[in-house]
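Close look at the chain arrangement
One-letter residues, chain by chain:
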Amino acid sequence: MIKFLSSRLLWGLVLIVGGALLLLDTFGIFNGGALFWTVVSAFAGVLFLVLYISDHNHWWALIPGIIFLAVSATISLNNFLPGFNESRWSGVVILGGIALSFLLVYLAERGNWWAIIPAGVLTTIAVVAFVDTGTSSFASGGIFFLGLGITFSLVAVLPTPYGQMRWAWIPAGILGVIGILILISQENLINYIWPVALILGGALLIIRSFVRK
């Protein structure tokens, strides 16, 4: 497979076909430029994935491989799918692809626990980009902090060769609470939550005082 991909015949054909597509695009005959970059990006992505498949020690190849495939998918959707909402989906596809690449890096080598963080952060940003057009910026901020909290929770619970990352519960709890409070305040429920929390806290203290006696 590697020998085939490094052959001069293959790359010669790629250059000829690419040049022909770009000429068709220049003369307005066919949207060849978009097709060319779609194919080139997909081909580059496949090359990196083949590199990883041939030797799993090259786990880093998963990142450019998936990113190139995401770029290829974005170009293809923007140019060849009628009615595609470019402004909403382009960023989601790219960010989701990058997040997926880091997730695969962790799955390929559990020692790469750090990859969970960019995977979660980029997934969160992709979700915010998707829902941002239909929600307020305040609610999007709540989703962002909540997503970061979930990310660090995953760091704390997912297996690694070094044991559990218990320290991750601290940022997970802080970010998660901030996200929940922002979302709650967005719905004006915070005015009810705090009084109820104070009443429950006071009741708990009273009950514990009687139990100790």
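Residues numbered from 1 in each chain as written. Predicted model: local features only at pLDDT ≥ 70, side-chain atom pairs only at ≥ 80, totals over all residues. Heavy atoms only, no water.

With 19 residues, helix α4 (residues 62–80) should cover 27 Å at 1.5 Å per step; its first-to-last C-alpha distance of 26 Å lies within 8% of that length. Every buried residue belonging to α4 is among Leu62, Ile63, Gly65, Ile66, Ala70, Ser72 and Thr74, and all of these are buried. (Helix = DSSP H or I, 4+ residues; strand = E, 2+ residues; numbered from the N terminus. Expected span 1.5 Å × (residues − 1). Buried < 20%, exposed > 50% of the residue type's maximum accessible area, 1.4 Å probe, protein only.)

Structurally, Thr74 can be placed in helix α4. The class of Thr74 is buried, set by a relative accessible area of 7%. From its side chain, Thr74 meets the backbone oxygen of Ala70 in a polar contact 2.9 Å long. For Thr74, the contacting residues outside a window of four places in its chain are Ser90, Val93 and Ile94. (Polar contact = N/O pair within 3.5 Å; in protein donor to acceptor, adjacent residues only side chain to side chain. Contact = heavy atoms within 4.5 Å.)

What follows concerns the environment of His58. Within the secondary structure, His58 is located in the loop between α3 (32–54) and α4. Distance in space between the C-alpha atoms of His58 and Val105 is 9.9 Å, their sequence separation being 47 residues.

Turning to a nonpolar patch on the surface, a few remarks are in order. A contiguous nonpolar patch, built from Ile150, Leu154, Val157 and Trp169 and spanning about 370 Å² of accessible area, is present on the exposed surface. Here the element with the most residues in the nonpolar patch is helix α7 (residues 137–157); it accounts for three residues. Among the secondary structure elements, Val157 is positioned in helix α7. (Patch = residues over 30% accessible without salt bridge, like charges linked within 9 Å, V, L, I, M, F, W, Y side chains within 5 Å. Areas by Shrake-Rupley, 256 points an atom, 1.4 Å probe, with all protein chains shown as cover. Salt bridge = Lys/Arg side-chain N within 4 Å of Asp/Glu carboxyl O.)

Attention now moves to the packing of aromatic side chains. Enumeration according to the criterion identifies seven aromatic pairs in this entry. When the centroid spacing of 6.4 Å and the interplanar angle of 70 degrees are considered together, the rings of Phe152 and Trp167 count as edge-to-face. Of the two residues, Phe152 is situated in helix α7 and Trp167 in the loop between α7 and α8 (169–186); the sequence distance between them amounts to 15 residues. For Trp167, a relative accessible area of 40% translates into the label partly exposed. One aromatic cluster is present, formed by Phe48, Trp60 and Phe68 through successive ring pairs. (Phe/Tyr/Trp six-rings, centres within 6.5 Å; stacked < 30°, edge-to-face > 60°.)

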